[in-house]
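Understanding the architecture of this molecule
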Amino acid sequence: NAGVTQTPKFQVLKTGQSMTLQCAQDMNHNSMYWYRQDPGMGLRLIYYSASEGTTDKGEVPNGYNVSRLNKREFSLRLESAAPSQTSVYFCASGTVMNTEAFFGQGTRLTVV
Amino acid sequence: GQQLNQSPQSMFIQEGEDVSMNCTSSSIFNTWLWYKQDPGEGPVLLIALYKAGELTSNGRLTAQFGITRKDSFLNISASIPSDVGIYFCAGQDNTNAGKSTFGDGTTLTVKP
C-alpha cells in the first residue's frame, strides 16, 4: 500500500520557469491538500480539495494553481517560479470525517 | 487567520529524560493533533484529541486537550535516540473541511 506518492522528490528551477508537482493517493480519500514547509516554520496550506471537482485556496495560494484531476490525483502548478517559492512541498490526503492527514515524502524545490 | 504558538522551538535533552512541549491558540479548536516528522519524511500522526480535557496516551507519549480548547501539550517520557525529530501540533475546527493549522514545530535532539 503506497499511501501518498509525490513526484519528483527534488527539482531545481530557474526563475520564471514553470513546473507541475504531482501527487497521487491510493487510500480512496476525499480530501487532498498541498502544504509548503520553510525552515523553522510549520506547514502552511497552499490549496486544498475537499472532494473531486472542488478546489479552494488555503493560507498562501499566490503564485500557485491546482488541479484535482480525479479522486486519486491532485497536482500543484507553478506558472512562473520565483526564488521565494524555494521550499519543501508536501501533499496530504484524508477524509473530511477523519481528521488525520496522511502525508507524502515531500518535494524539495529550489528556484535559482 | 488562526495562529498557533508552539514552544519550545527546540530542545536538547539526555537520553532517559522526560520532555514536554505545548501549543496555544488565539482561537478555539475542536480537534488537536500531534505529528512527528523524521528527516526527509512527511509528518506522521502520533496522537489525536477530540474532546476538551481529554488525556490520551500512545506508548511513552501522552497528550492533553486543554479545557479552554485553546491549548494542548505533549509529553514524552524516558526519551530514546529515535525520538529525535520535529514535533508539530495542529488544530482543526469544524468549518474547515478537515484542514489543519500547524504550529511552527519543536525540534528535539536526544543525546545518547
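Quick look at the structure, then.

**Topic: the sheet that holds strand β3 (residues 19–25) of chain A**
Residue and element names in this part refer to chain A. Strand order in the open sheet formed by four strands is β1-β3-β8-β7, with antiparallel pairing between adjacent strands. The sheet is open, and its two borders are formed by β1 (4–7) and β7 (65–68), each paired with just one other strand. Along the sheet, successive strands turn relative to each other by an average axial angle of 15°, direction set aside. Relative to strand β8 (residues 74–78), β3 is paired through three bridges, and the arrangement is antiparallel. Its bridge partner lying in β8, leucine 21 is registered against leucine 76.

**Examining unusual backbone geometry**
For the bond running from threonine 7 of chain A to proline 8 of chain A, omega is -10°, close enough to zero to count as cis. Here proline 8 of chain A shows up in the loop between β1 and β2 (10–13). Of the consecutive residues serine 7 of chain B and proline 8 of chain B, the connecting peptide bond is found in the cis state with omega at -5°. Position of proline 8 of chain B relative to the elements: it lies in the loop between β1 (4–7) and β2 (10–14). Phi at alanine 78 of chain B takes a positive value of approximately 50°, unusual for a residue other than glycine. With respect to the helices and strands, alanine 78 of chain B occurs in the loop between β8 (71–76) and β9 (85–92). Given a relative accessible area of 37%, alanine 78 of chain B falls into the partly exposed group.

**So, the interface of chain A and chain B**
Facing the 19 residues of chain A at the interface are 19 residues of chain B. Summing the contributions of chain A and of chain B, the shared interface buries around 1600 Å²; its carbon and sulfur component is 54%. In this assembly, chain A and chain B are joined by zero salt bridges. For the pair chain A and chain B, the number of links is four residue pairs in polar contact (both at pLDDT 80 or more).

Rules behind the numbers
- Residues numbered from 1 in each chain as written.
- Chains lettered and ligands numbered in written order.
- Predicted model: local features only at pLDDT ≥ 70, side-chain atom pairs only at ≥ 80, totals over all residues.
- Heavy atoms only, no water.
- Pairing = 2+ DSSP bridges.
- Helix = DSSP H or I, 4+ residues; strand = E, 2+ residues; numbered from the N terminus.
- Axes fitted to C-alpha atoms, helices over the stretch in contact; angles between N-to-C directions.
- Buried < 20%, exposed > 50% of the residue type's maximum accessible area, 1.4 Å probe, protein only.
- Contact = heavy atoms within 4.5 Å.
- Buried area = accessible area lost by both parts, 1.4 Å probe.
- Salt bridge = Lys/Arg side-chain N within 4 Å of Asp/Glu carboxyl O.
- Polar contact = N/O pair within 3.5 Å; in protein donor to acceptor, adjacent residues only side chain to side chain.

Everything listed here is a matter of geometry and, on its own, says nothing about what the molecule does.
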